[in-house]
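# Understanding the architecture of this molecule
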Amino acid sequence: EDFKNMVDKAHSLGMKVMLDWVANHTGCDHVWLEEHPDWYKYEDGKLVSPWDWTDTYSLNYDNPEMCAAMVDAMKYWIKEADVDGFRCDVAFLVPVKFWDMARVELNKVKPVFLLAEATEKELTDNAFDMVYNWPLLFMLDNICKGINKVSDLRELVVKQQSDLAPDAYYMNHITNHDRNTWDGTEFERYGAAVKSFATLTYVWPGMPLIYTGQEVGMNRRLEFFVKDTPPIKEKNEWYEFYSSLNDLKHNSKALRAGEQGGELKVYETNNDNVLVISRTLGEEEILYIGNISNEESSIHFVSELPEGDFENYFTKEQVSLPAELTLAPWDFLLLIK
């Protein structure tokens with residue numbers, strides 16, 4: 001009843017509620033192990049765990065009864081609590097044909113939003129609305145390590161325009177539960193580039209994710225296997241920063257995700273430390289100019305200069321772009337027209 005009340009309250013505020021759904025495996029004490037042991041995978045007569053997750057056992061998707069029970073369990077939360085979708089854990093370990101079937105069955109109850117913790121295109125052909133943009137996350141990490149260059153970012157953003165089914169899109173993020181705990185906070189990994197990279201996830205085609213604590217600049221790792229408490233939501237500079245980005249994302253037609261969003265454009269410059277991309281829909285253009293390096297960079301637009309007068313989104317100053325400008329290390333501009 002508490003959960004139903006929470007969902008109802010969220011809906012009254014114009015919000016959607018998704019459940020984290022683990023379809024690939026169960027805990028070792030799950031009731032299905034006693035009631036339906038044939039619903040699990042076995043090797044040499046022994047239950048199988050995914051990877052080294054020895055506190056779980058893998059489910060057998062060759063068993064149609066188990067598949068039906070899994071869909072029935074998902075339907076329960078739609079019917080009883082009116083949830084709006086599911087974030088599906090390690091979705092790539094579950095057969096695509098199951099997800100395709102599940103999508104059809106779930107939509108018979110109510111149209112739902114499905115997010116796959118995966119990147120495979122075939123998951124978006126029929127089942128999933130959105131997948132994790134791990135390629136972007138890993139590339140930003142590697143740029144800070146000196147492994148990738150800005151030219152790789154340019155190639156990636158163009159490539160991703162045709163990576164998925166036309167009506168599906170990527171979830172862009174600079175941190176998440178795994179990254180925060182095992183690899184470090186966004187401040188540990190990106191340093192002075194955090195605001196620039198966070199802003200990029202809003203302009204990059206797709207939908208941005210804000211992980212727990214990110215909205216207030218939480219600068220510590222959350223414990224993974226023990227109860228840990230995120231910081232109190234105080235209205236500090238990070239709260240204002242992300243609130244401002246959320247307002248832009250919410251109100252900008254050019255930044256809509258999927259087929260409704262604006263056209264992507266990558267501007268050519270003479271400096272491989274600089275990324276310049278824009279999203280345009282009608283008269284609206286959102287322009288990101290980022291110095292993705294730890295050195296001052298002068299930028300000269302090679303083939304084309306963004307035309308017209310822009311507003312610096314964060315300072316509200318009017319800007320007319322010169323043919324050449326200079327940005328400090330990791331500095332960036334978010335301009336709107």
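In what follows, the structure referred to is the one given above.
Scope of this entry: the structure provided in the associated data block. (Residues numbered from 1 in each chain as written. Predicted model: local features only at pLDDT ≥ 70, side-chain atom pairs only at ≥ 80, totals over all residues. Heavy atoms only, no water.)

Below, the discussion takes up the pairing of strand β6 (residues 85–88). Every second residue of β6 is oriented toward a common face, with G85 and R87 on one face and F86 and C88 on the other, all of them buried. In the sheet, β6 pairs with strand β7 (residues 113–116) via 4 bridges, with the strands oriented parallel. If you follow F86 over to β7, its bridge partner there is L114. Crossover β6 to β7 through helix α4 (residues 96–109) is right-handed. (Buried < 20%, exposed > 50% of the residue type's maximum accessible area, 1.4 Å probe, protein only. Helix = DSSP H or I, 4+ residues; strand = E, 2+ residues; numbered from the N terminus. Pairing = 2+ DSSP bridges. Right-handed = clockwise from strand over helix to strand, strands pointing away.)

A few words now on the pairing of strand β9 (residues 169–172). When strand β8 (residues 130–132) meets β9, the two strands line up parallel, connected through 3 bridges. Among the inter-strand pairings, Y132 is bridged to a residue of β9, identified as M171. Sheet topology places β9 next to strand β10 (residues 207–208); 2 bridges connect them, and they run parallel. Bridge pairing in β10 places N172 opposite P208.

Time to look at the sheet that holds strand β12 (residues 274–281). A sheet is described by the order of its strands in space; here 6 strands give the open sequence β11-β12-β13-β18-β15-β16, paired in antiparallel fashion. A strand with exactly one partner marks an edge of an open sheet, and here the two such strands are β11 (263–266) and β16 (318–320). Here the average twist between neighbouring strands, direction ignored, is 30 degrees. As paired strands, β11 and β12 are joined by 4 bridges and run antiparallel to one another. By the bridge assignment, K265 is partnered in β12 with S278. (Axes fitted to C-alpha atoms, helices over the stretch in contact; angles between N-to-C directions.)

Position of N63 among the secondary structure elements: in the loop between β5 (56–58) and α3 (64–81). With relative accessibility at 10%, the residue N63 sits in the buried group. For the pair formed by N63 and W39, sequence separation is 24 residues and the distance between their alpha carbons is 6.3 Å. In this structure N63 touches D38 and W39, once residues within four positions along its chain are discounted. In terms of polar contacts, N63 uses its side chain to reach the backbone carbonyl oxygen of D38, at 3.3 Å. (Contact = heavy atoms within 4.5 Å. Polar contact = N/O pair within 3.5 Å; in protein donor to acceptor, adjacent residues only side chain to side chain.)

To continue, consider the packing of aromatic side chains. Following the criterion strictly, the structure yields 25 aromatic pairs and no others. Between Y132 and W134 the ring centres are 5.3 Å apart and the planes differ by 45 degrees, which places this aromatic pair in the tilted class. On the accessibility criterion, Y132 (5% relative accessible area) is buried. Overall, W134 belongs to the buried group, its relative accessible area being 18%. For the cation-ring pair, K195 lies above F241, with the distance from its terminal atom to the ring centre recorded as 5.3 Å. (Phe/Tyr/Trp six-rings, centres within 6.5 Å; stacked < 30°, edge-to-face > 60°. Lys NZ or Arg CZ within 6 Å of the ring centre and 35° of its normal.)

Geometry only, nothing functional implied.
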